[in-house]
Every structure is written in C-alpha cells, then in structure tokens.
Amino acid sequence: MMKHLGKTGMLTLSIIRHGLDNAMLECLQSGRHPPAGDQVSIDATLLQAVLAGLIKCTQWVVKNLKGIDVLKPFSRAILKHVAARTQKTIVAAGGKPIPHTSPLFPTWQLGGWSLIFSKNVVQLAIALGSWRIAKLLSSPNSAIDRLGRSVVQYVQARGSPVISDTDLPLDVPGAARSSVEHLAPSGQILCDGEWVSRVGLGWSEETSFERYNRCDFDVVETLTREDFQLKYHDMGRPVLVKNFIPEHERCMLSKIRIQSQHGKDTFSYGPTAYPSITGSHHCSSKSTVMQAEHGLECAEHPGVSNYHASHGEQVFAKVTNTNTFKKLADIIDGVDPVTPQYFWGGDKSGATLHYHRAAFNLLWAGQKDWFLTSPMLAGWAGIPSFQLWNRSGIDMDHIFRCSQHAGDLILLPDMWGHSTLSHGFSAGVGVLYAVRSSNEH
C-alpha cells in the first residue's frame, strides 16, 4: 500500500475493497463459513463483512446464514471472537500466508473502535456511509433504533455519512447536502495583561485563500452526553461545539506567552503532520514557533507551508489538566484519551488526508478549514494539504467541509477521512480516544 501511495500520492480504500469482496465471496461460497447454530461466529462474519464494506459478502451472509438479528447491538463476545479470528492467517494459492483482517479496520484494535459499541449492524452500515449495505439489511422506512428512527431519517440528518454514497437514490427525502453558516467570533480577550484577538490570540490571522465560514454538519452551542450519544454517536455523524474552550484557558497559547516561555525552542516541521508515514520526511533544520507563524518553507519542501505535529506536550504543557478536558468527560461516556497530538503551523499548513479511530479536536488559536469524507471513501494522501485541495480532478461533491475557529471543539467518528488547512497561524490538540465500556442496552 505504501509503495502505491509513494507513486501516486493517494491511496483510497475502494482500491482494496472491490477485489477483496470478490475473493471473500468465493471463499464463503466454497463452504468456508460458520456452521448453523454457531451464532457468535455467524454474527462475527457479518460484522467483518460490513466493517470492510463488502457488499456482495454481506448480501450472501444475510441470505444464507440463519439466526441473524440485524437490530441487535453487537456484544463483546462477538468483538472478542473477531479479534481472535483475525490473529490467524489464511493461505492463498501458492502457499503464501495472508493476514485475515479488514481493509478498513485493524481488527486487533476492535476494543477501541467506538462506532461498534451500542450499534446494530444497520446503524453500523450507515455510520460507515454505505447506503447499499444498509438497504440490504433494512427497508428505508423501518425503525432501526430504540427511538424508532428509520434509515431515511438517518440519511436526512445533516452530516450523515450516507450522503457521500454515490448510489444514494435521488428520491430519498433530505439527501441533498446542507450546511450552516459558521463565522469567526469578533472582539478581544485579555491575556497576561494584553488585549488580543479572540481568534488569533496575537498570532497572525492573515490568509492567502478564501475562508469557508460554513459547516456541512451540525454546529451547536452546547452538547450533553445524551445528545452526543443519540444524535451523533449512534448516527455516525461529526459535530462542532462552538466556544467550548473557556477564554481564560485559551490564553495558554497566546503569542505573548509562547514567545516568553518558548521563544527560543525549536521543533520539527514537515509537509504533512507525520511525513514518514507517507514516505516523505521532515525539514532537515528545526525552527521556532515564531518562524512558523507566517508559513514556514524549507529547502527540502519548497513552496510548501510546513507543519508541526507531535505527541509531546512541549508548548502545550498541562493542557490536558484543564477544565476543557474535564468538560469532555461530561460528554463522552466511558472513554480514556489516548495518543494526544499537538499541532501548529502558519497559513496554508495543515494535516493531509488520513483516517483513524474516533477523535476530538480542540482549536486553541486561529482558524482552520476541515475537509472530510465518510468512512467508505476514506483514504491516505502523501500530498501536502493545500496542494491536495487546490489540484484539478478533486470531486468536491463527496467532501464535507467545515470552518473551525479558536475555542471550537470537533467530535469526529471512527474512520472518517479528514484533512485540515490553516488560515493564518493555528494551534490546537487532537486526541484519539478508546472506549472503556460498551454501553450495551
């Protein structure tokens, strides 16, 4: 995969999915499937087919394997069975061993995928963005959750991942893209005795490209645990919470404070957040935060605004001990933050297209635009973010966009492809999280 990515700059899951669907269908049809009565194994087979987006396999399993209840949430026993099964290998023609796993999910990490917990297989198909699989499992107007909501109602919701599905019928009500205006807040706040912009916190806000100032998914003022669970987790939708970070805590990343405490510290920068993952590399010389404020170029990556991202706190010392993080515990039930990632960069810098488990993203300073895809269309890019979204041939009909301003929180479900672009200087924290309890009903 990485070799292919290095040649083309882009890897999408559809490349893998279609071939795997045919290969796995042939395997099922040859009799390599769970026996009647082994319900845990049957349900695990269905889970793997849906997780991988295998339409033909899902159809075969539902038609030929008995005892499936598509409205019953997956149990921990099923998840453990899948995790154990995928530790094994299968043997292809010629005797070459092949890991038995999903192209979408590293299934040895199933315990961390929040989208699986409390969902049934119809909800899971929708959360992944596949109308074709969802309609194999349920009729469009049948109730699929404990609130009596139907497949069509899920599709109608703003930010539904199914909207990106190219096979969505045009006559499904509410399937058209919708967005809401989301402008940056105005005014100033007092940080360390100095009045600074509420958005920039003293950092440059000058940008060389147009701001989106809208959001193609919900923007809310507040978010309760119940609303997050029912409206966003269960439905597989992202959401933005405005002004989630209290203003006095945002001052931790004001320019005057960073300049005072870390003005001479130097850090690594690269064309993407983690360049080695996609076959690239960091700039050979380290630079200060101030040097990156207006967009940092280096000899290795000319014409690119380079970006810093790392797992070390550095200038963000103690940020995870703030009231902001305590407030998150009131929204997200039963999770532990894992692998916090700290980022900053100047105008036109950002994270290129990638995907991972569920995450929340807090923007401490500045403004940035998001570009999202549903899980079924997720991919990896080795192309710097600005160059990626300003090249010809990009079909923006499949892209969700959203502007995030200083203080905003974005909650992103598992496996959504996403990329960011900074307007002026921006800095914040992104945290992947893992579920501790299944919240089964």
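Everything quoted here is computed from the prediction, not taken from an experiment.

*Asks:* What should I look at first to understand unusual backbone geometry in this one?
*Replies:* With glycine set apart, most residues show a phi of negative sign, and most peptide bonds adopt trans. With a phi angle near 55 degrees, Asp192 is a residue other than glycine that sits in the positive phi range. Note that Asp192 resides in the loop between strand 5 (188-191) and strand 6 (194-197). Even without being a glycine, Met415 presents a positive backbone phi close to 70 degrees. Along the chain, Met415 falls in the loop between strand 16 (409-412) and strand 17 (417-435).

*Asks:* Explain the environment of Val304 to me, please; I cannot follow it from the model alone.
*Replies:* Within the fold, Val304 resides in strand 11 (residues 301-310). Separated by 44 residues in the primary sequence, Val304 and Lys348 place their C-alpha atoms 8.1 Å from one another. Apart from the residues within four sequence positions on either side, Val304 is in contact with Pro271, Leu296, Glu297, Pro384 and Gln387.

*Asks:* Help me understand the packing of aromatic side chains in this model?
*Replies:* Counted according to the given criterion, the structure contains 11 aromatic pairs. With a centroid separation of 5.0 Å and an interplanar angle of 85 degrees, the aromatic rings of Phe267 and Trp344 are classed as edge-to-face. Of this pair, Phe267 sits in the loop between helix 11 (255-262) and helix 12 (289-292) while Trp344 sits in strand 12 (residues 335-345); the two residues are 77 residues apart in sequence, bridging distant segments of the chain. The same class applies to Phe267 and to Trp344, which are both buried.

*Asks:* Teacher, can you tell me more about the nonpolar core here?
*Replies:* Soluble globular proteins: nonpolar side chains tend toward being buried together. If you look at the biggest cluster of nonpolar residues, it comprises 44 residues, and the most contacted ones within it are Val289 and Phe360. Considering every element that reaches this core, the biggest residue donor is strand 17, with 5 residues. When near neighbours in sequence (up to four residues on either side) are disregarded, Val289 contacts Trp203, Ile258, Asp265, Phe267, Tyr269, Val315, Trp344 and Phe425.

*Asks:* Where do I start with the packing of helix 3 (residues 39-51) against helix 6 (residues 121-128) in this structure?
*Replies:* The geometry of a pair of packed helices is captured by two quantities: the angle between their axes and the separation between those axes. Their axes nearest at 10 Å, the elements helix 3 and helix 6 cross at an angle of 15 degrees. When the axis of helix 3 is compared with that of helix 6, the two are roughly parallel. The chirality of how helix 3 crosses helix 6 is right-handed. Facing Leu46, Leu47, Val50 and Leu51 of helix 3, the residues of helix 6 in contact are Val121, Leu124, Ala125 and Leu128. Split by residue class, the contact of helix 3 with helix 6 holds 8 nonpolar, no polar and no charged.

*Asks:* When you look at the state of the cysteines in this model, what are you seeing that I'm missing?
*Replies:* Should the sulfur atoms of two cysteines be covalently bonded, the bond is a disulfide. On inspection of all chains with the given rule, the structure shows 3 disulfides. Here Cys191 engages in a disulfide with Cys251; their sulfurs sit 2.0 Å apart. On the S-S bond that ties Cys191 to Cys251, the torsion sits near -75 degrees, and the link is left-handed. Of this pair, Cys191 sits in strand 5 while Cys251 sits in the loop between helix 10 (247-250) and helix 11; the two residues are 60 residues apart in sequence, bridging distant segments of the chain. For the pair formed by Cys191 and Cys251, the shared burial category is buried. One disulfide bridge connects Cys215 with Cys402, the sulfur atoms lying 2.1 Å from each other. Measuring handedness by torsion sign, the sulfur bridge of Cys215 and Cys402 sits at about -100 degrees and is left-handed.

Definitions and limits used
- Residues numbered from 1 in each chain as written.
- Predicted model: local features only at pLDDT ≥ 70, side-chain atom pairs only at ≥ 80, totals over all residues.
- Heavy atoms only, no water.
- Helix = DSSP H or I, 4+ residues; strand = E, 2+ residues; numbered from the N terminus.
- Contact = heavy atoms within 4.5 Å.
- Phe/Tyr/Trp six-rings, centres within 6.5 Å; stacked < 30°, edge-to-face > 60°.
- Buried < 20%, exposed > 50% of the residue type's maximum accessible area, 1.4 Å probe, protein only.
- Core = buried A, V, L, I, M, F, W, Y, C linked by side-chain atoms within 4.5 Å.
- Axes fitted to C-alpha atoms, helices over the stretch in contact; angles between N-to-C directions.
- Parallel < 35°, antiparallel > 145°, perpendicular 65-115°, else oblique.
- Left-handed = near helix turned anticlockwise from the far one by under 90°.
- Nonpolar A, V, L, I, M, F, W, Y, C, P; charged D, E, K, R; others polar.
- Disulfide = S-S within 2.5 Å.

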